[in-house]
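# Chain and residue survey
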Amino acid sequence: MKPRLLALAAVALMSTAAWAGPQDPSPFDGTKYAPQKALYDFNFAKPLEGKAAFGYVKNHLRAIKEYGDPAKSHIVIVAHGNELHAFSRLNRAAYPDMYEELKALKDAGVTIRVCSNAARSRGYKPDEFYDVITVVPAAVIDLAKWQNEGYSYMYAEMFPRLTREELVKQTVELQ
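Conventions adopted
Residues numbered from 1 in each chain as written. Predicted model: local features only at pLDDT ≥ 70, side-chain atom pairs only at ≥ 80, totals over all residues. Heavy atoms only, no water. Helix = DSSP H or I, 4+ residues; strand = E, 2+ residues; numbered from the N terminus. Buried < 20%, exposed > 50% of the residue type's maximum accessible area, 1.4 Å probe, protein only. Areas by Shrake-Rupley, 256 points an atom, 1.4 Å probe, with all protein chains shown as cover. Core = buried A, V, L, I, M, F, W, Y, C linked by side-chain atoms within 4.5 Å. Contact = heavy atoms within 4.5 Å. Pairing = 2+ DSSP bridges. Axes fitted to C-alpha atoms, helices over the stretch in contact; angles between N-to-C directions. Parallel < 35°, antiparallel > 145°, perpendicular 65-115°, else oblique. Left-handed = near helix turned anticlockwise from the far one by under 90°. Nonpolar A, V, L, I, M, F, W, Y, C, P; charged D, E, K, R; others polar. Arc of directions from axis to C-beta.

### Here's the deal with the overall build of the chain
Helix and strand content of the chain: seven helices and five strands. Starting at the N terminus, the α and β elements of the chain follow one another as α-β-α-β-α-α-β-α-β-α-β-α. For the chain, buried positions account for 31% of its 175 residues. Accessible surface, the chain as shown: approximately 11,500 Å² in total, 59% of it carbon and sulfur.

Put into structure tokens, the structure is as follows:
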């Protein structure tokens, strides 16, 4: 009996696929997600790219709140690029709102860590970062630690955003 039901289900699935076409809308899957354990690797060329990458983390937090389990989820940032300049309290005059951004993430439950090797190579001592940041011996060992604990590795690549409107202007076939 089971093989017959499976065959009928397969036929039903294939027949609905035959009705779908390129003009049909995509479905939305609003399934609730299990708790998230995410590890963001920050290694940016420019100091303010770290702040821009907070957008990825904030989007992740919003998605967890709406579709996941915020009470059992956790996000970690390990920073080891030139964003460290903006994360240092010595540079508050150049990046005046960075502390508030970092504190808001920390208050949302995000753990923020900075590589002491990367800090030293850029001229900083471990105690020269904001109090919401923990300085760790090395990014490489810290990234591996979190991955060994089951955290998903996330790399927030920075590139200019292209809107549909801009795409239409650039693409003759869409005009």
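Picking up where we left off.
### Description of the nonpolar core
Residues Phe42, Ile77, Phe87, Leu102 and Ile133 are the most contacted members of the largest nonpolar core, which totals 38 residues. Sorting the residues of this core by element identifies strand 1 (37–42), helix 2 (49–67), strand 2 (74–79), helix 3 (84–87), helix 4 (98–107), strand 3 (111–115), helix 5 (116–121) and helix 6 (139–148) as the ones contributing at least two each. Excluding residues that lie within four positions of it along the chain, Ile133 makes contacts with Phe87, Leu102, Ile112 and Val114.

### Considerations on the sheet that holds strand 2
Within the open sheet, the five strands sit side by side as 4-3-2-1-5. Their pairing is parallel. Looking at strand neighbours, the two that pair on one side only are strand 4 (134–136) and strand 5 (152–155), the edges of this open sheet. Averaged over neighbouring strand pairs, the angle between their axes works out to 30 degrees when direction is ignored. Alignment of strand 3 against strand 4, held across three bridges, turns out to be parallel. Bridge pairing links Cys115 to Val136 in strand 4. Contacts from helix 6 reach strand 1, strand 2, strand 3, strand 4 and strand 5, with the element oriented near 165 degrees to strand 2.

### Things to note about the pairing of strand 3
Working note: regular strand, side chains alternate between the two faces of the sheet. Where burial is concerned, most of strand 3 is hidden: five out of the five residues are buried. Across the two faces of strand 3 the burial is the same, with Thr111, Arg113 and Cys115 and Ile112 and Val114 all buried. Note: strand 2 against strand 3, four bridges, orientation parallel. Bridging from a neighbouring strand, Ile77 pairs with Ile112 of strand 3.

### Focus: the packing of helix 2 against helix 4
Close contact between helix 2 and helix 4 brings their axes to 11 Å; oriented N to C, the two are set at 25 degrees. On the basis of the axis angle, helix 2 is roughly parallel to helix 4. Here the hand of the crossing between helix 2 and helix 4 comes out left-handed. Only Met98, Glu101, Leu102 and Leu105 of helix 4 make contact with helix 2, whose side of the interface consists of Lys51, Phe54, Val57, Lys58 and Leu61. Across the contact of helix 2 with helix 4, the residue classes break down as six nonpolar, no polar and three charged.

### Structural notes on helix 6
Of all the positions in helix 6, only Ala139, Asp142, Leu143 and Trp146 are classed as buried. Summarising the axial view, the buried residues of helix 6 lie within an arc of 100 degrees, below the 170-degree limit, and thus occupy one face. Away from its buried face by more than 90 degrees, helix 6 exposes Val140, Ile141 and Asn148. Taken together, the buried residues of helix 6 touch strand 1, strand 2, strand 3, strand 4 and strand 5. Just downstream of helix 6 lies Gly150, where phi reads positive at about 90 degrees.

### Considerations on helix 4
Helical geometry: 3.6 residues make up each α-helical turn, so side chains three or four residues apart lie on a common side. Along helix 4, the residues that are buried comprise Met98, Tyr99, Glu101, Leu102 and Leu105. Relative to the axis of helix 4, the buried residues are bounded by an arc of 165 degrees and lie together on one face.

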